[in-house]
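Overview (structure and organization)
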Amino acid sequence: MALLLTTVTGFAQFTLDNNAADKYLKKKAEQAEVRRIQDSIRQAQLEEQQMMASDIRYRMKWTNILTYRQTIGVIENGYNLSYYGYLKTRSAWSYPISIRLSGSKSYNDANMHPGYKDWSQSLSYWGLSGIRNLKDNWYLSLGGHLPLGWERFRYDGTDGEHELELSSEKRHFHFLVGLNVEERLLYMSPDKVGLVMGVGFYQRLMNSKTYTFDAGFSLEVGLKF
């Protein structure tokens, strides 16, 4: 009887040990499979990064920015709608093309040449800007633009050369061209679609009948996409 009990006990112990070994081996196999999958994912990510680093389509990305800008100047207090488009690369500087349509809310008559009345102007700006990252999401922007447009006016007769003009047929038009430079500090969201804000200064030379130089301060807000 003792021999029989010993035999049964040994068989049960052998069975338990065998089940534990099977569970251990199964767990090890599952862990190995998890590591294999993780290694495969890491390898695929590494290969994708290497491909993106060598493929120009991944190294360069076209970015669009639309903004509304408010300006306060020596001559003109106005606003404009601006578009910037550029290829974002790994270079320190990016160079957006820029198109801007300008409107005016008011003019500082005291700073303008005398002899004119009912004066107004319409301008569009064409040019380039240089944008460089300063830190995190803050950028320095330096720009140069060519303002093109026209001005409308009448002579008020005080210049000693023109009599007082009352007829609407005597409204004059003059083609405008000049040079505009600007310096701005920009915040741009790191997201693909996000907020853009800017603050800065501008200086402008013009061939206007009423002024030759304007300078001022600007605030800007818009969307990057």
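Everything that follows concerns the structure shown earlier in this document.
To keep things clear, this report deals only with the structure shown in the data block. The residue numbers shown here count from 1 along each chain, following its written sequence. The predicted origin of the model limits local features to residues at a pLDDT of at least 70 and limits the giving and counting of side-chain atom pairs to 80 or more, whereas totals for whole chains, interfaces and linings rest on all residues. As a rule here, side-chain values cover all heavy atoms of the structure and leave hydrogens and water aside.

**Structural notes on the layout of surface pockets**
Quick reminder of the rule: Whether a set of points on the 1 Å grid over the protein atoms alone is a cavity depends on a 1.4 Å probe fitting there but being unable to get out, while an open set qualifies as a pocket with protein on both sides within 12 Å along at least five of seven lines; lining residues are those with an atom within 4 Å of a point. Grid points are joined across faces, edges and corners, and a volume is the space filled by probe spheres set on the points. Note on residue categories: nonpolar means Ala, Val, Leu, Ile, Met, Phe, Trp, Tyr, Cys or Pro, charged means Asp, Glu, Lys or Arg, and polar means any other residue, Gly included.
In this structure, the largest pocket occupies an estimated 310 Å³ of space. The wall of the largest pocket is formed by 20 residues, among which T63, Y86, K88, Y139 and M188 lie closest to the centre. For the lining of the largest pocket, the per-class residue count stands at nine nonpolar, five polar and six charged.

**What about the pattern of salt bridges?**
To be explicit about the condition: Think of a salt bridge as a Lys or Arg side-chain nitrogen and an Asp or Glu carboxyl oxygen that are within 4 Å of each other. Only DSSP runs of H or I covering at least 4 residues are called helices, and only runs of E covering at least 2 are called strands; the numbering of each starts at the N terminus. A simple rule labels every residue: compare its accessible area, found with a 1.4 Å probe on the protein chains alone, to the largest value its type can have, and call it buried under 20%, exposed over 50%, or partly exposed in between.
Evaluation of the coordinates by the stated rule reveals ten salt bridges. Between R184 and E220 there is a salt bridge; the shortest N-O distance is 2.5 Å. Note that R184 is positioned in strand β7 (residues 172–188) and E220 in strand β9 (residues 213–224), a separation of 36 residues in sequence. Here R184 matches E220 in class, with each residue buried.

**Section: the pairing of β9**
When a strand is regular, its side chains alternate between the sheet's two faces. Using the following cut-off: In short, DSSP must find at least two bridges between two strands for them to pair.
Strand direction decides the pairing type here: strand β1 (residues 61–73) and β9, joined by nine bridges, are antiparallel. The partner of T67 across the bridge, within β9, is G222. One ladder, built from twelve bridges, connects strand β8 (residues 194–206) with β9; its direction is antiparallel. When the sheet's bridge partners are listed, V199 is paired in β9 with L219. Where β8 folds back onto β9 in an antiparallel hairpin, the turn is made up of six residues.

**What about the side chain of R154?**
Keep this limit in mind: Polar contact is defined as a pair of N or O atoms within 3.5 Å, subject to the rule that within protein one atom must be able to donate a hydrogen and the other to accept it, and that residues adjacent in sequence are counted only when both atoms are side-chain atoms.
With respect to the helices and strands, the residue R154 is situated in strand β6 (residues 138–155). Among the residues examined, R154 registers a relative accessible area of 14% and is labelled buried. Reaching out from R154, the side chain makes a polar contact with the side chain of D118 at a distance of 3.3 Å.

**Looking at the packing of aromatic side chains**
To keep it simple, the criterion reads: Any two of the Phe, Tyr and Trp rings considered here, Trp counted by its six-membered ring, make a pair once their centres fall within 6.5 Å; the pair's planes then place it as stacked at under 30 degrees, edge-to-face at over 60, or tilted in between. Sitting over a ring, as applied to charges here, requires NZ of Lys or CZ of Arg to be within 6 Å of the ring centre and within 35 degrees of the ring normal.
Counted according to the given criterion, the structure contains eight aromatic pairs. Summarising the aromatic geometry, the rings of Y68 and Y79 are spaced 6.3 Å apart at their centres and angled 20° between planes, so their arrangement reads as stacked. In this pair, Y68 is assigned in strand β1 and Y79 in strand β2 (residues 76–88), connecting sequence segments eleven residues apart. Over the aromatic face of Y125 sits the side chain of R100, whose NZ or CZ is 5.4 Å from the ring centroid.

**Overview of empty space enclosed by the protein**
Considering all chains together, one arrives at two cavities of 30 Å³ or more under this definition. The computed volume of the largest cavity comes to approximately 110 Å³. If you trace the largest cavity, you find 14 residues lining it, with T71, N80, Y125, Y202 and R204 closest to the centre. The biggest single contributor to the lining of the largest cavity is β2, with four residues.

**A look at the pairing of β2**
As paired elements, β1 and β2 share twelve bridges and run antiparallel to each other. When the bridges of β2 are listed, K61 appears paired with K88. Counting the residues in the hairpin turn of β1 and β2 gives two residues.

**Focus on the nonpolar core**
The criterion, for reference: Side-chain atoms within 4.5 Å are what join buried Ala, Val, Leu, Ile, Met, Phe, Trp, Tyr and Cys residues into a set we call a nonpolar core. We call two residues contacting when some pair of their heavy atoms lies within 4.5 Å.
Core analysis: the largest hydrophobic core is formed by ten residues, namely I75, M112, W119, L123, Y125, F153, Y155, L176, M206 and Y211. Mapped onto this core, the elements with two or more residues apiece are β5 (116–135) and β6. Looking at this core, the element that brings in the most residues is β5, giving three residues. Not counting the four nearest positions on each side in its chain, M112 is found in contact with I75, Y107, W119 and T210. In this structure, I65, Y139, L186 and V196 belong to the second largest nonpolar core, which totals eight residues.

**Structural notes on the environment of Y202**
If you trace the backbone, Y202 turns up in strand β8. Given a relative accessible area of 5%, Y202 falls into the buried group. With twelve residues separating them in the primary sequence, Y202 and D214 have C-alpha atoms 8.3 Å apart. In this structure Y202 touches T71, I72, G73, E76, N180, V181, E182, D214, A215, G216 and F217, once residues within four positions along its chain are discounted.

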